Amino acid sequence: MDLSSLTRASDTEWRIEPHGRMRVPGILYGTEALVRDMDEKVYQQVVNVATLPGIVRASYAMPDAHWGYGFPIGGVAAFDADHGGVVSAGGVGFDISCGVRLLSTGLHVEDIEPVKKRLADELSRSVPAGVGSVGRLHLDDPEMDAMLAGGARWAVDRGYGTAADLDRIEEHGCMHGARPEIVSGHAKRRQCDEMGTLGSGNHYLEVQRVAKIVDAACAAAFHLHEGDAVVSIHCGSRGLGHQIGTEFLKEMALAAPGYGLDLPDKELASAPIESPLGQNYLGAMRAAINCALANRQIITELVRRAFARILPRAALALLYDVSHNTCKVELHEVDGRQRRLFVHRKGATRAFGPGHPDLPEAFAAVGQPVLIGGTMGTASYVLVGTGQSLGRSWGSSCHGAGRSMSRHQALKQWNGRQVINELAARGILIRSPSTRGVAEEAPGAYKDVTAVVDAADRAGLSRTVARLEPLACIKG
Amino acid sequence: MAAPVVARNTWEHFAHGADIGVRGVGPTKADAFVQAALALTGVITSPAAVRPITAIQIACDAPSDDVLLADWLNALIYEMATRRMLFGAFIVSIDGSHLTATAWGEPVDPVRHEPAVEIKGATYTALAVAPLDDDHWLAQCVVDV
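Residues numbered from 1 in each chain as written. Chains lettered and ligands numbered in written order. Predicted model: local features only at pLDDT ≥ 70, side-chain atom pairs only at ≥ 80, totals over all residues. Heavy atoms only, no water.

(A) Broad picture of the overall build of chain A. Along the backbone of chain A there are 17 helices and 19 strands. Overall, chain A is about 60 × 50 × 50 Å in size when its C-alpha atoms are taken along their principal axes. Here chain A, with 476 residues, has 67% of them falling under the buried criterion. Counting only contacts in chain A whose residues sit at least 6 apart along the sequence, the fraction spanning at least 24 positions is 77%. Carbon and sulfur atoms make up 50% of the accessible area of chain A, which amounts to about 15,400 Å² in all. The averaged location of the 53 negative side-chain charges in chain A is 3 Å from the averaged location of its 51 positive side-chain charges. (Helix = DSSP H or I, 4+ residues; strand = E, 2+ residues; numbered from the N terminus. Buried < 20%, exposed > 50% of the residue type's maximum accessible area, 1.4 Å probe, protein only. Contact = heavy atoms within 4.5 Å. Areas by Shrake-Rupley, 256 points an atom, 1.4 Å probe, with all protein chains shown as cover. Lys, Arg positive; Asp, Glu negative; His and termini not counted. Charge placed at Lys NZ, Arg CZ, Asp CG, Glu CD.)

(B) Quick peek at helix H2 (residues 65-83) of chain B. All names here are of chain B. With 19 residues, H2 ought to run about 27 Å at 1.5 Å a step, and its terminal C-alpha atoms sit 27 Å apart, in line with that. Where burial is concerned, most of H2 is hidden: 16 out of the 19 residues are buried. Positive phi appears at Arg-84, one or two residues downstream of H2, with a value of about 55°. (Expected span 1.5 Å × (residues − 1).)

(C) Looking closely at the pairing of strand E2 (residues 13-16) of chain A. Residue and element names in this part refer to chain A. Sheet topology places strand E1 (residues 7-10) next to E2; three bridges connect them, and they run antiparallel. Across the sheet, residue Ser-10 finds its bridge partner in E2, namely Glu-13. Count of turn residues in the E1/E2 antiparallel hairpin: two residues. For E2 and strand E3 (residues 26-29), the ladder comprises four bridges, and the chain directions are antiparallel. Each residue of the ladder has a partner; that of Glu-13, found in E3, is Tyr-29. (Pairing = 2+ DSSP bridges.)

(D) Structural detail: the packing of helix H11 (residues 238-255) of chain A against helix H12 (residues 276-310) of chain A. Residues and elements named next belong to chain A. Two elements in contact, H11 and H12, have axes whose closest approach is 9 Å; the angle formed by their N-to-C orientations is 165°. When the axis of H11 is compared with that of H12, the two are roughly antiparallel. Of the two possible hands of crossing, H11 and H12 adopt the one that is left-handed. Here H11 contributes Arg-238, Leu-240, Gly-241, Ile-244, Phe-248, Glu-251, Met-252 and Ala-255 to the contact with H12, which in turn contributes Leu-277, Asn-280, Tyr-281, Ala-284, Ala-287, Ala-288, Cys-291 and Asn-295. Looking at the contact of H11 with H12 residue by residue, the classes come out as 11 nonpolar, three polar and two charged. (Axes fitted to C-alpha atoms, helices over the stretch in contact; angles between N-to-C directions. Parallel < 35°, antiparallel > 145°, perpendicular 65-115°, else oblique. Left-handed = near helix turned anticlockwise from the far one by under 90°. Nonpolar A, V, L, I, M, F, W, Y, C, P; charged D, E, K, R; others polar.)

What follows is the structure, given as structure tokens:
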């Protein structure tokens, strides 16, 4: 990105002054190096989002922002229904509520190493992954609707996990306001055999070790210790979310002129929050959030059972579950007044700080865990929400490394088998049905996740707690 | 005298930051849609590796050519996802805003196809259906994977 088009507000904050049809400024968070490396399209997409009606305060980009669909991936924007605000299917994206959860295992890395190969094989057998895979559950229509209304709570009621898990999930495991009756037959058909599946692409299930504690007090509150073995699960709302995104993208794009919306990019497909279409989308999107929460909950139970077969001493407890692609109604203070805002986070993590009323008691004093996925060859991070982030980004932070190279380029540069062998030589086991998929996901195709996390920390969006490194990774 | 134009049917992928673009070129709009569909399959596996065992019918309507392309690709994505199939051969007919098509394929075979990634949806990013200078048509968009 051309830095001359930006005003530098601080070491890690860059402004796009309002111009043209922009209603608010654009604000990008990142170090000079990260912002310079961002695609020019990120600039244009931040500007485009700033033109949408009812946007409040600013159009934000997180340090891992990259070229997305309408919104940049790593984009955050809030809209006020009382000021003509919109909800955007493009702003949430296709993989609604894609997210990450982190489980402690009660085990040390030394417990894992002797059985790592068996454990990787067992996890790979236990959790369906990749193109064409199906789950062990088939949902008929009533069960589908119950799942879409109940989220992770539905899964727990059916024996996937425990009630204690629910308090460690955003929305306590169940997104209210879901309207299963709005979700199309196509979306339900696409999902009926996909519960408890990982998907493909950048989704993964990873056994990791806590490699470094950065914030000892916070790590203690999260029960993380150096050398602990943990498990990360990264996936979303599967086919149901993809289909809802597809259908509402079209409906909103075609309906926009009728609502008087002159969209600078068709992909910014939006509708007024209070319109029937806006309300329908919110009901369907919330159902997709529940689908993602249920899916990660089922996978969690499959992982627990797999661990029990290999390491009976393991006790997998959910630390937290965060979603990346959502629009949520939140109360935020704006100019001294509480306002009810529809906060879009596209490839961004909610990062509420200490004392926020939406947090479970366990995190009230420290802030919520912010889980940042890395690549299968580098690292992931646990961060914690800060008090300042509410004022800086509606309580949001980065979500991952972000690609530095297209899949197309990655495929030209790496051979999947070679990537697997190189990682094995470093002690990282990969299990994937597709070597081509592994090549496209090669660690070198991603930005430096540590630089992204450091920038989020320096910008006050979240604070680094611990670094996690992979031991074994199951890819789709 | 200008050299005669040689009809070409080609597909390719183009780079997108996080995902991948599919592009088809053909002597007619319908041919370009066929090539874009081959590019779609090419995101997952080599279209040549997909055996044309089963045929399915697809129909869609849209108010513009570009939305029709997105609808066509999204219909294929839906069929791939729900039938757990891949498609490697297509016939497309376009009459105004209406598309009808036959797609031939087979169930996904993880060993033989070694599918790289599933496709979430065809997006409106870099979406274009347009005539080219040489009596050919272009059909393209980015797909989210």
